[in-house]
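An overview of the molecular structure
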Amino acid sequence: MAIDLLNHKLDRAFDHIDASGTGVVERGDLLGLGARILVGFGESPTSVTGASLVGSFDGIWSTLSRTLDRDGDFGIARHDFRTAMTAAFVTGDLYEPIFKPATVAVAELCDADRDGRIGPGEFRTMLCAFGVAYDDVDEAFDRLDREARGTLTVDELVLAASDYYRSDDPNATGNWLFGPL
């Protein structure tokens, strides 16, 4: 069950990157996801925040490529994506130094007014960049907003990402990060 759950979540992550549906992701696809997020929030890729997001996404791509012993110019198929994500970020020790900075960069972009809170509209902008169905966004937000405050903190969103990408607990709150599984 746990492996099936993780694989399902990693398959969804693959689909977020493979927006064109080719069945293979390339560096440009991951950077394209970053660009969609930046455009959604009206942020330049050359700003401090934008450069942080682009750099961290590029770091994820480099790590996946190295984990698979590949040149970064080659595409990664779904099965290999699962393998590399698991080896590097789920069971490996690279989540904190490589993947977490990307989640922090995205969460900080969502906090457009820098008050430490992410509202439903900001959350919707992020999920739309990931290609999440519009109808799933409100339920995802409500599930992550466990205290029913009407906002998420940046830290809560970062923790939800960790749950989503690393937890094999079927009841983990972060499983709702991108809507129902």
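Quick caveat: nothing in here was measured; it's all calculated off a predicted structure.

1. Description of the overall build of the chain
- Helix and strand counts for the chain come out as 8 helices and 4 strands.
- At 15 Å, the chain has a C-alpha radius of gyration in line with the 16 Å of a compact globule built from 181 residues.
- By the burial criterion, 44% of the 181 residues in the chain qualify as buried.
- Sequence separation of at least 24 residues holds for 61% of the intrachain contacts in the chain that already meet a minimum separation of 6.
- Surface summary for the chain: the accessible area is close to 8500 Å², and the carbon and sulfur share equals 52%.

2. Quick notes on the packing of helix H2 (residues 27–40) against helix H3 (residues 48–67)
- H3 packs onto H2 with a crossing angle of 155° between their chain directions and a minimal axis gap of 9 Å. Considering the angle they form, H2 stands roughly antiparallel to H3. Relative to H3, H2 is oriented so that their crossing is right-handed. Taking contact as the criterion, the partners of Arg-27, Leu-30, Leu-31, Leu-33, Gly-34, Ile-37 and Leu-38 in H2 are, on H3, Gly-50, Leu-53, Val-54, Phe-57, Asp-58, Ile-60 and Trp-61.
- Residues of the contact of H2 with H3, tallied by class, amount to 10 nonpolar, 2 polar and 2 charged.

3. Comments concerning the packing of aromatic side chains
- Applying the stated criterion across every chain yields a total of 8 aromatic pairs.
- Taking 5.5 Å as the distance between ring centres and 65° as the angle between the ring planes, the aromatic pair formed by Phe-123 and Phe-141 counts as edge-to-face. Here Phe-141 lies in helix H7 (residues 134–144) and Phe-123 lies in helix H6 (residues 120–129), a separation of 18 residues in the sequence.
- On the accessibility criterion, Phe-141 (4% relative accessible area) is buried.
- Ring centres of Phe-130 and Phe-178 lie 4.9 Å apart, and the angle between their planes is 45°; this geometry places the pair in the tilted category. Residue Phe-130 is found in the loop between H6 and H7, and its partner Phe-178 is found in the segment after helix H8 (154–166); the two are separated by 48 residues along the sequence.
- For Phe-130, a relative accessible area of 9% corresponds to the buried category.
- Look at Phe-178 and you get buried, because its relative accessible area is 2%.

4. Here's the deal with H8
- Counted at 1.5 Å a residue, the expected span for H8 with its 13 residues is 18 Å, and the 18 Å between its end C-alpha atoms agrees.
- Those residues of H8 not exposed but buried are Val-154, Leu-157, Val-158, Ala-160, Ala-161, Ser-162, Tyr-164 and Tyr-165.

5. Observations concerning the nonpolar core
- Membership of the largest hydrophobic core comes to 52 residues, with the highest contact counts inside it found for Ile-37, Phe-81, Phe-123, Met-126, Tyr-165 and Leu-177.
- For this core, the secondary structure elements donating two or more residues are helix H1 (2–17), H2, H3, helix H4 (78–90), helix H5 (95–110), H6, H7 and H8.
- Top contributing element to this core by residue count: H5, with 8 residues.
- Leu-177 has contacts with Phe-123, Met-126, Leu-127, Ala-140, Leu-144, Leu-157, Ala-160, Ala-161 and Tyr-164, leaving out every residue within four places of it along the chain.

6. A word on the pattern of salt bridges
- Tallying each qualifying case throughout the model produces 11 salt bridges.
- The partner of Asp-11 in a salt bridge is Arg-78, and the shortest N-O contact between them spans 3.8 Å. You can see Asp-11 sitting in helix H1 and its partner Arg-78 sitting in helix H4, a full 67 residues away along the chain.
- For Arg-78, a relative accessible area of 28% gives the class partly exposed.
- Residues Lys-100 and Glu-96 are paired through a salt bridge, measuring 3.6 Å at the closest nitrogen-oxygen approach. One end of the pair, Lys-100, and the other, Glu-96, are both in helix H5, 4 residues apart, so they sit about a helical turn from each other.
- Judged by relative accessible area, which is 29%, Lys-100 ranks as partly exposed.
- Look at Glu-96 and you get partly exposed, because its relative accessible area is 46%.
- Each of the salt bridges in this network shares a partner with another, and the network as a whole consists of Asp-11, Asp-15, Arg-78 and Arg-82.

What counts, and at which threshold
- Residues numbered from 1 in each chain as written.
- Predicted model: local features only at pLDDT ≥ 70, side-chain atom pairs only at ≥ 80, totals over all residues.
- Heavy atoms only, no water.
- Helix = DSSP H or I, 4+ residues; strand = E, 2+ residues; numbered from the N terminus.
- Rg over C-alpha atoms; globule rule 2.2 N^0.38 Å.
- Buried < 20%, exposed > 50% of the residue type's maximum accessible area, 1.4 Å probe, protein only.
- Contact = heavy atoms within 4.5 Å.
- Areas by Shrake-Rupley, 256 points an atom, 1.4 Å probe, with all protein chains shown as cover.
- Axes fitted to C-alpha atoms, helices over the stretch in contact; angles between N-to-C directions.
- Parallel < 35°, antiparallel > 145°, perpendicular 65-115°, else oblique.
- Left-handed = near helix turned anticlockwise from the far one by under 90°.
- Nonpolar A, V, L, I, M, F, W, Y, C, P; charged D, E, K, R; others polar.
- Phe/Tyr/Trp six-rings, centres within 6.5 Å; stacked < 30°, edge-to-face > 60°.
- Expected span 1.5 Å × (residues − 1).
- Core = buried A, V, L, I, M, F, W, Y, C linked by side-chain atoms within 4.5 Å.
- Salt bridge = Lys/Arg side-chain N within 4 Å of Asp/Glu carboxyl O.

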